[in-house]
Amino acid sequence: MFKLDHKFIATSLVALMASSAFTMASTAKKDALDGGMTYTRDKGMYSDYYINKQVDKLKINNGRTPTANELKAWDSDIMPDGTGLPEGKGSVEDGDELYEEQCAACHGDFGAGGVGYPTLSGGSISSLKNQRTAPGMDAPKRTIGTYWPKASTLIWYIRDAMPYAHPKSLNNDQLYALTAYLLSVNNIKVGGEVMEDEFILSNKNFSKIEMPNKDGFYPNIDGKDGVENVRKFFADGKNYGAVGKRCMSNCKDPGMKGAEPTVMKIGIEMKDVNPPYSTVRDMPKKTNTSGHPGKELYESSCAVCHATDKMGAPAVGDKKAWDVVKAKGLQNVMKNAINGTAAMPPKGGNMDLTDWQMQLIVDYMMSQSM
Amino acid sequence: MTNISNTSKSEIEQTSRRDFFRKTAAYSVSAIAATSILSPAKLLADDENIIHHSKWGTSLGYELNKNPYGVPSPFEHNVVRRTTPLLSSAGDMHAAISLSPIHELKGIITPNGLFFTRTHNGVARIDPNKYRLMIHGLVEKPIVLTLEDIKKYPSESVIHFLECPSNGAAEWKGPQFNSVQFVKGMMSCTEWTGVRLKHILADLGLKPKAKWMLAEGQDGSEMSRTVPVEKVLDDAMIVYAMNGEALREEQGYPVRLLLPGWEANLCVKWLKRLEFGEEPWYCKEETSKYTTLTPSGKAIQHFYPLEVNSIITSPSPEKPWTDLKKGDMVEIEGIAWSGHGKVKLVDISFDGGKNWVEANLKGLVLTKAWTRFSYIYKYDGKPILLSSRAMDESDKVQPTVNQEKAIMGVEGVYHRNSVCTWEIKANGEVNNVQIRS
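1. Considerations on the interface of chain A and chain B
In step 1: Taken together, the contact pairs 124 residues of chain A with 142 residues of chain B.
In step 2: Of the roughly 11,500 Å² buried between chain A and chain B, counting both surfaces, carbon and sulfur atoms make up 56%.
In step 3: Note that K168 of chain A and E222 of chain B form a salt bridge whose closest N and O atoms lie 3.4 Å from each other.
In step 4: At the boundary of chain A with chain B, the tally comes to 66 residue pairs in polar contact (both at pLDDT 80 or more).
In step 5: Listed by contribution, the elements that provide at least two residues to the side of chain A that touches chain B are β2 (38-39), α2 (68-74), α5 (151-161), β11 (217-218), α7 (226-235) and β12 (263-264) of chain A.
In step 6: Take the side of chain A that touches chain B: its biggest share by element is six residues, from α7 of chain A.
In step 7: Judged from the two bridges that link them, β12 of chain A and strand β24 (residues 430-435) of chain B form a sheet pairing that is antiparallel. Counterpart to V263 of chain A in the pairing with β24 of chain B is I435 of chain B.

In structure tokens, the structure reads:
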């Protein structure tokens, strides 16, 4: 038996408190990149969570090495320095034609918007200073020409994500043509040259595109100091509005004019919400769920354009518009739906749909518009 | 049979009329209490719901496994996510947002069916058997993982909120929605299960040059973002479960990235690919969108953390005090959260921010998770301006609307975390207002 003395009890208590039995949370430090806290993983704890101590030392070695073809198939990003640019070329003129066919319905003529989808052109960099602090003031215009810092973002996004309803359907030449057109309607220059109709954009001259707002963003994330610049940015709350103070009594807000707080009430209330507001607890009314076989197909492939008349397409539910369609005769309606008509691409752009599915869809759309 | 006297019938009717949300509240405690004070015992009406056998007590219920996957009571049908065409392109609900009914949520866990949802090209439906995750770039050993491979790594479960940095964005120029669901419902909080990314990277051997990670989704928009490796090695996870079950499709089934405390947009859903590199990628959603325009005309990029924030959910425009009477004791309750760490404390003001008292935190206080606060208030029937203000573990405090506006202006769209205020009128109605010049 060892002799108990006060010194021993004191030291063993300290030791006990430091051991996991008394540790309720792991150590927190304010040293995160974003100006917040990080937590150690030690003694089987991560913050307030118990963790399996074995895990941090393990190598699991799951999975397998991708093949060269697999890497090529998925590594499709395009970086600001041109890494990943595919081989190809396209003219402004060809891009114009493509844009009219595939893009104008959503993004408006010349990318000028107006349909509800993002506006791609117009405005000025100086508009970015606009602050709508009173009604009727002009908004800052965030378009490719006034806002986007990199051209690589544009071609990469078009390649992976556009056209909206059938992404990844453009070939490389179309990609360059469309990018060229969008840059040209934004009056963007390539190597000092204005992009006329016959201008050809390719992987060869892509790096010469001059994006007008390339210096419009901070902190600077490029180069070897990129991450450190981010850390410095978040270290000072004044950079991003983190300036709150904990005042408890007679607090005076910087914007207060008199002694009493100025209360701003709702001007025009936004009430268009779906489903409508309600906190009632009752049995729901039986809704007539149409089990039409074309409903789901319509919603996934056609509703983007046909849900409203904003895109120039006859809106489902608009009896008048559909009476005009029906007057063409069912056969012609089916022919147009399958082969395309006016701004509508063949099968609405979803070439996976069979003709039979197209019939179901058209029947559904008509049944909802009588 | 028990007869109800004419007097007590009218008593019930009066009580009912006073109760604006009577269908919701049925018999509120306060209404009964008031009746008993005002009237002699003989006027107390018998409650039909007690006096008579109920429908459900006199019949056989439905079979226990009628719904092999359980569903809420049909009476709860109004507790749902809501959308608005204002937060969409031309009313198109493929690239839009649905907001959580935070006024109806309890505790700190959002049920999976009520988790807020934002998509950029509709909800992708992925066959889990065909799901692959590729990790490559500046690593010694690139890999492809199946869903089963990912699940073979030792799992961890953590409770974190996710918030769209646009939460409250409609309010920069002034209050617009009279609804707590639309003011602050672009967030939810869940117990996530998955793998710490650093455990996977231990296998791959991250090269020292790697400073950034591209996270790319496999939805139609290939939603992608650049993440600093420092965050990846700190607390990033890839997760495949929420609240004990597989991720919902709207949340990225079968696998999404989780960057605790950071913009939900960075927590890429339907995860396809992680690539490590020396320079950032400049994805569409970190240039044309998710950058915060300031009054200088320049914009903040890579604005990661969701800053300290709070909202009173009861009372709120959806949960007014119209059934209260002078002297009633009522709980003011709300949610506080911070992407910078734990919530340290929450203060409440009754006079539009001139004077504050500290509220109580309740339940679990976890890092980067919703934290509940509570304050018991004796209702005196006078109009008040009710605000909450949270402080987090890194000692950051929510700014006032004017303080935030002075630095950020009103066109930034993202990362709005100034103090919210409800105006409570003498009749108990609650309106969304702002204290601002």
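2. Things to note about the pairing of strand β21 (residues 371-378) of chain B
All names here are of chain B.
In step 1: Bridging between strand β17 (residues 329-337) and β21 involves eight bridges; their strand directions are antiparallel. Counterpart to G334 in the pairing with β21 is F373.
In step 2: As paired strands, strand β20 (residues 360-362) and β21 are joined by three bridges and run antiparallel to one another. Looking at the pairing, L361 lines up with F373 of β21.

3. So, the confidence of the model for chain B
In step 1: In this model, chain B carries a mean pLDDT of 92, and residues with pLDDT of at least 70 account for 90%.
In step 2: Note that pLDDT drops below 50 for residues 1-36 of chain B; the model gives that stretch 40 contacts with residues more than four away or on any other chain.

4. With respect to empty space enclosed by the protein
In step 1: Counting across every chain of the model gives six cavities of 30 Å³ or more.
In step 2: Of the pockets and cavities examined, the largest cavity occupies roughly 180 Å³.
In step 3: In terms of lining, the largest cavity is formed by 19 residues, of which the most central are R118, R256, A264, N265 and K269 of chain B.
In step 4: Counted as a void, the second largest cavity has a volume near 80 Å³.
In step 5: Taken together, T153, W156, Y157 and D160 of chain A together with S221, E222, M223, S224, C283, K284 and E285 of chain B form the lining of the second largest cavity.

5. Looking at the environment of Y50 of chain A
All names here are of chain A.
In step 1: Among the secondary structure elements, Y50 is positioned in strand β5 (residues 49-50).
In step 2: Take Y50: its relative accessible area is 65%, and that puts it in the exposed class.
In step 3: Along the sequence, Y50 and S202 sit 152 residues apart, while their C-alpha atoms lie 55 Å from each other.
In step 4: Aside from chain neighbours lying at most four places away, what touches Y50 is G44 and M45.

6. Points about the nonpolar core
In step 1: I135, I238, L271, I311 and W370 of chain B are the most contacted members of the largest nonpolar core, which has 168 residues in total.
In step 2: Discounting chain neighbours no more than four positions away, the residues touching I311 of chain B are I102, V180, V183, K184, M187, G334, I335, W337, F373, S388, C420 and W422 of chain B.
In step 3: Counting 17 residues, the second largest nonpolar core, distinct from the first, contains L297, V316, M334 and M366 of chain A.

The rules behind the values
- Residues numbered from 1 in each chain as written.
- Chains lettered and ligands numbered in written order.
- Predicted model: local features only at pLDDT ≥ 70, side-chain atom pairs only at ≥ 80, totals over all residues.
- Heavy atoms only, no water.
- Contact = heavy atoms within 4.5 Å.
- Buried area = accessible area lost by both parts, 1.4 Å probe.
- Salt bridge = Lys/Arg side-chain N within 4 Å of Asp/Glu carboxyl O.
- Polar contact = N/O pair within 3.5 Å; in protein donor to acceptor, adjacent residues only side chain to side chain.
- Helix = DSSP H or I, 4+ residues; strand = E, 2+ residues; numbered from the N terminus.
- Pairing = 2+ DSSP bridges.
- pLDDT = per-residue confidence, 0-100.
- 1 Å grid on protein atoms, 1.4 Å probe; cavity = no way out; pocket = protein on both sides within 12 Å on 5 of 7 lines; lining within 4 Å.
- Points joined across faces, edges and corners; volume = space filled by probe spheres on them.
- Buried < 20%, exposed > 50% of the residue type's maximum accessible area, 1.4 Å probe, protein only.
- Core = buried A, V, L, I, M, F, W, Y, C linked by side-chain atoms within 4.5 Å.

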